[in-house]
Amino acid sequence: MPLGERAGDKSESRYCGVETEFSDDVPQLLEFNINGGFDFVVAPLMDPTYRPSLRTELDKISGALPVAGSDLVLSPSDWSSRVVGKVSSWIDLDAGNEVLRRDSETTLKQEIAWASHLSVQACLLPTPRGLSCANYARCVKQILDGSVNMKLWLRIPLKKHEEDGGTDDCPVAKAWCFFPYSCTRSILSIENSFVQGAEQIDSWDIWNSFRLLCEHHSQLSITLDVLSSLPSANSLGRWFGEPVRAAIIDANAFLTNTRGYPCLSKRHQKLVTTFFNHSVQLVLSGQAFHESPKESLDSGIKRHPLRSYLDYVGFLYQRMELLPEQERFELGYRDHLQSPLQPLMDNLEAQTYETFEKDIVKYVQYQRAISKALLDRVPDDQLSSETSVLMVVGAGRGPLVRAALQAAEETGRRLRVYAVEKNPNAVVTLHSLIKLECWEDIVTIVSSDMRCWDAPERADVLVSELLGSFGDNELSPECLDGAQRFLKPDGVSIPSSYTSFLQPITASKLYNDVKSHNDLMHFETAYVVKMHSIARLAPCQPVFTFTHPNYSPEKTNQRYTKLQFDIPEDTGSALVHGFAGYFDATLYKDVHLGMEPTMATPNMFSWFPIYFPLRSPVQVEGGRPLEVHIWRCCGPTKVWYEWCVASPTASPIHNSNGRSYWVGL
């Protein structure tokens, strides 16, 4: 049964599985574990003692493989929803022993073919024996390129770095960190070809080597093995930008609370909660070493040996805070690539306006900024004689007009408003709003592009809502440069300035979604994304800043910046799939609006971050710098960005001359 019910949470993380040993009675195995409270089993589908080279002539003639049971022993729905296949852990496709290598290759293909025939949801592949795993990856790539539709989960341990300074120095625990199995007996049966000193290898490097050999295949995912020792927070964080589908938690990872029941350390609890938030399914494994509750022993009820562990995992799930309404609204947008708006070239639709207008927080900030500006411009002794002129350029359907009039009412200042809007469809709505609110004597509607309109008078305050996810990517600088002629010499622009920010990220899903288009153009396009399954590898850095009004005689909106990001040393290696872009704007004085993670305006949803992809991901090392270059280029008819990585390895300059992506003037 699911771990619990949480409003808005329909993710797969609600379901918990259990890793089992081989059984030739699959119905009984499934019934026991489902009745024990688990939702699915991760079970071997073939007898682990099977070796193709040891088959007799009679076996070869019969053609029957020693599988766990016929496809008829379970219904198709049970196979597909209740069973994850587990490939034999003895296989070693990169073994020096030719017989073992051939047996491993044959068995892998046979087991995957059988699992595909059963239509199981996924198959768990054993951990590669080391960084040299080319033949293993080659065989998996051949399978993935075939007609197999199921996911392949590669088992990867959460390897602990030596420099992380953990307290677990047990040699056995270190061996488990490299090559984990469900019980000690399995560890002792590891082939002699196990790489000596492999416990010093960063397991992320093993995954990355395997993933690169398989060309970032979208059907290849990760199952993380979680044991008693955990790496640093930075080292853990990089995994959440990778395609992690499941996490196996061994019973040895659990501690014992004061009542004798299993529990997890604070760090493990935080990790499990993060798994839940990223739709990662948990799988319990290993031998129970906590006693069953006394009440179940007294009643004679036979409980699943891992039921106490499952109950604790369910407790962690159920105590999570409910998703806020805003987050539930945005669930469908998570990690979904969207093209940025072209506000000057295209007219927005009513649905787009309505979505933005629901962002109450944004308009509260604008109202605060306008209120402060009006108070500064009109002293109390001039209230009755002074009328401020306020122009809303890009008025849309009128939310900023409403915010301005509410600010005037709040401050007791008199106001005359011009609402300038180029979209004729939005102008229709504006007229209806003005009439409905009886603002005809206060508000003048101007149906025109702000760059072409000749204002009848100068404005005290110029208000605009032209910011994009990267601040300037919806041409706010070009628009406001054209509109600042409306301002009085001492006039105020709201916003008065804005800065874009950039941050390197691991984003396997976003990269694969761009890669699926199989062309250059999509890798040279910036996307708006509600980022979720990403790893932020370094703090944000400022990129471009624009200030308004700008009366500099040599002003230009072209920009170039070189950035150097320092990857924390304890992160280990990571793959940069691109960059997340944000902005922060000063509306007026101390009133700001933004989405840069460290100072984001709470509960604001008008903007999602922007994603600048890399055609070829760049591997970075902890403690070493990442050098990035980015340009904002301007032409007669368009504005575009170019970007590249210069170090540790150079990438091509993306979007040269705006060949793939631009914003039209």
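Just so you know, these numbers come straight off a predicted model, no measurement behind them. (Residues numbered from 1 in each chain as written. Predicted model: local features only at pLDDT ≥ 70, side-chain atom pairs only at ≥ 80, totals over all residues. Heavy atoms only, no water.)

Caption draft 1: Representation of the overall build of the protein in the model. Each helix and strand counted, the protein has 20 helices and 26 strands in total. Dimensions of the protein, computed from the C-alpha atoms along their principal axes, are close to 100 × 60 × 50 Å. Looking at the protein as a whole, 55% of its 665 residues qualify as buried. Contacts in the protein between residues at least 24 apart in sequence constitute 79% of all its contacts with a sequence separation of at least 6. Charge separation in the protein, taken as the distance between the mean sites of 63 positive and 81 negative side-chain charges, equals 1 Å. (Helix = DSSP H or I, 4+ residues; strand = E, 2+ residues; numbered from the N terminus. Buried < 20%, exposed > 50% of the residue type's maximum accessible area, 1.4 Å probe, protein only. Contact = heavy atoms within 4.5 Å. Lys, Arg positive; Asp, Glu negative; His and termini not counted. Charge placed at Lys NZ, Arg CZ, Asp CG, Glu CD.)

Caption draft 2: Region of the structure containing the packing of aromatic side chains. Tallied over the full model, the rule gives 21 aromatic pairs. Aromatic side chains F276 and Y317 sit 5.2 Å apart centroid to centroid with 90° between the ring planes, which places their arrangement in the edge-to-face category. With F276 in helix 10 (residues 266-277) and Y317 in helix 12 (residues 307-318), this residue pair connects regions lying 41 residues apart in the sequence. F276 gets classed as buried once you look at its relative accessible area, which sits at 3%. With a relative accessible area of 0%, Y317 lands in the buried category. Taken together, the aromatic side chains of F254, F289, Y309, Y312 and F315 make up a single cluster linked through ring pairs. (Phe/Tyr/Trp six-rings, centres within 6.5 Å; stacked < 30°, edge-to-face > 60°.)

Caption draft 3: Structural view of the packing of helix 4 (residues 98-118) against helix 5 (residues 134-145). At their nearest, the axes of helix 4 and helix 5 sit 11 Å apart, and the two run at 25° to each other. One way to sum up the angle between helix 4 and helix 5 is to call them roughly parallel. Between helix 4 and helix 5 the crossing geometry is right-handed. Taken together, the residues of helix 5 that come into contact with helix 4 (itself represented by R101, E105, L108, K109 and I112) are N135, Y136, R138, C139, V140, Q142 and I143. Of the residues in the contact of helix 4 with helix 5, the class split is six nonpolar, two polar and four charged. (Axes fitted to C-alpha atoms, helices over the stretch in contact; angles between N-to-C directions. Parallel < 35°, antiparallel > 145°, perpendicular 65-115°, else oblique. Left-handed = near helix turned anticlockwise from the far one by under 90°. Nonpolar A, V, L, I, M, F, W, Y, C, P; charged D, E, K, R; others polar.)

Caption draft 4: Just the layout of surface pockets, in detail. Of the voids in this model, the largest pocket is the one considered here, and its volume is about 1,300 Å³. Looking at the largest pocket, it is lined by 45 residues, and the ones nearest its centre are H278, M531, H532, I534 and R536. Looking at the lining of the largest pocket element by element, the count peaks at six residues for helix 10. Residue classes in the lining of the largest pocket are distributed as 23 nonpolar, 12 polar and 10 charged. There is about 1,100 Å³ of room inside the second largest pocket. Lining the second largest pocket are 45 residues, with L341, L348, T352, F356 and E474 positioned closest to its centre. If you list the elements that add at least two residues to the lining of the second largest pocket, you get helix 14 (350-357), helix 15 (360-377) and strand 12 (414-421). Sorting elements by how many residues they give to the lining of the second largest pocket places helix 14 first, with seven residues. (1 Å grid on protein atoms, 1.4 Å probe; cavity = no way out; pocket = protein on both sides within 12 Å on 5 of 7 lines; lining within 4 Å. Points joined across faces, edges and corners; volume = space filled by probe spheres on them.)

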